Amino acid sequence: MRMSQTISQDPLYRSRTEIVLEVTFAILVCLSSVLGNVLVVYVVNKYSVMQTITNILIRNLALTDIIMATLIMPFWITNLYSGKWNLSQEWCEVSSLAQFIMALASLFIMGLIALNRYMKVVKPSLYIKFFPSKRVAWLYFGLVWAVSVLVATPPLYGWGKINFDSHFLLCSFNWKEGHFSSVILLAGVFDVTKVAIFYSYWKIYQTVKESTGNVNANVAQNGVGAPRFHRTDIDVLKTCLTVVCFFLITWFPIALCAFIIAGGGYIPREVTKVTVYLMFSSSVVNPIIYGIMNPQFKQAFKKAFRCGRYGNGNEEQSHARVAAVIIYPRSN
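Residues numbered from 1 in each chain as written. Predicted model: local features only at pLDDT ≥ 70, side-chain atom pairs only at ≥ 80, totals over all residues. Heavy atoms only, no water.

(A) Highlighting the overall build of the protein. A tally of regular secondary structure across the protein gives 11 helices and 2 strands. The burial tally for the protein puts 48% of its 332 residues in the buried class. Taking the intrachain contacts of the protein between residues at least 6 apart in sequence as the baseline, contacts between residues at least 24 apart amount to 73%. When the accessible surface of the protein is totalled, it reaches about 16,700 Å², and 66% of it is carbon and sulfur. (Helix = DSSP H or I, 4+ residues; strand = E, 2+ residues; numbered from the N terminus. Buried < 20%, exposed > 50% of the residue type's maximum accessible area, 1.4 Å probe, protein only. Contact = heavy atoms within 4.5 Å. Areas by Shrake-Rupley, 256 points an atom, 1.4 Å probe, with all protein chains shown as cover.)

Rendered as structure tokens:
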């Protein structure tokens, strides 16, 4: 009897068990995102050796994920519990625009990180021109925010509508009744940035592979050291593939659903629900793919958890130096 009452009261006709599971998993995603990204920000702020240009970009990426988890995900969790939007239309628009701004800022910062590494590894002669100091990195970060706000706010000027979407359980752009040109704009920005990220990491991988192959050939003639470089080559491959795969997995499904809905298609709620979980899960995996797989962050995380000396362990320190030379040359 209680179960049937719950189903009839819920706008989406979910059982109590379904609601509890959905809300619990969403809370876990939110907490994991906050804890993981706060740890990234902490170690970059705490240890001066971590305050390189690349790590400043990673820290800013973590900050956008923290904002997403603390300001956007609570609305999502509340909507999951009630199955509807309980606040005013104004708050609906604010939450939706904030979500779009955070998503775009996160994407652009990932693109900026890819560009930073691309120039450092593939085009070192241009690196000092585009990334001469940490102050310039902060300038790029400000530019990222400005462009994100510009691209995300057309609905404020009448170029589209924002409503609560019962499929995504989020306030979002009205893909069916909104301006299709604004959908094309958003899709174009996302697609161009994704292609740029994939291209950058692919060229980095090709450059590292070619360079490592030449080193291995020379070292093999002397009969020493070849296996170490081969292991580093494999680590670089895994890092690049992880970045590309997780980015594709977490962002592509919801972008595809939005595009289909904008074209008049129908997507079952079960599918859109999963895409939203994947989208917010990107805030969880970012500290993993940009933090834990980075040798510098490995050392900083260990120190943060055990309160020991930074870089303890000759073997770990040696491995970090070797990996840093290949992935993060000159620690910038």
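(B) Structural detail: the pairing of strand E1 (residues 162–165). Where E1 lies against strand E2 (residues 170–173), 4 bridges are found, and the strand directions are antiparallel. Opposite Asn163, over in E2, you have Ser172 as the bridge partner. Taking the residues between adjacent antiparallel strands as the criterion, E1 and E2 are bridged by 4 residues, where Leu169 takes a positive phi near 55 degrees. (Pairing = 2+ DSSP bridges.)

(C) Focus on the state of the cysteines. The tally for this structure, following the rule as stated, stands at 1 disulfide. The disulfide partner of Cys92 is Cys171, and the S-S distance across this bridge is 2.0 Å. Torsion about the S-S bond of the Cys92 and Cys171 cystine: about -120 degrees, corresponding to left-handed handedness. One end of the pair, Cys92, is in helix H4 (residues 89–121); the other, Cys171, is in strand E2, and 79 residues separate them in sequence. Neither Cys92 nor Cys171 differs from the other in exposure class; each is buried. (Disulfide = S-S within 2.5 Å.)

(D) Fine view of the packing of aromatic side chains. Applying the stated criterion across every chain, the model contains 12 aromatic pairs. Their ring planes at 25 degrees and their centres at 5.6 Å tell us that Tyr127 and Phe131 sit as a pair that is stacked. One exposure class covers both Tyr127 and Phe131, and it is buried. With 5.9 Å between their ring centres and 80 degrees between their planes, Trp138 and Phe141 make a pair best called edge-to-face. Taken together, the residues span about one helical turn, with Trp138 and Phe141 both in helix H6 (residues 134–152) at a distance of 3 residues. Grouped by ring-pair contacts, the aromatic residues Phe25, Trp76, Tyr277 and Phe280 constitute a single cluster. Here the guanidinium or amino end of Lys120 rests over the ring plane of Tyr127, the centre of that ring lying 4.4 Å away. (Phe/Tyr/Trp six-rings, centres within 6.5 Å; stacked < 30°, edge-to-face > 60°. Lys NZ or Arg CZ within 6 Å of the ring centre and 35° of its normal.)

(E) Highlighting the environment of Leu57. Within the secondary structure, Leu57 is located in helix H3 (residues 53–82). Taking the C-alpha atoms as reference points, Leu57 and Lys134, 77 residues apart in sequence, are found 9.5 Å from one another. Setting aside residues up to four positions removed in sequence, Leu57 forms contacts with Ile109, Leu112, Ile113, Asn116 and Ala137.

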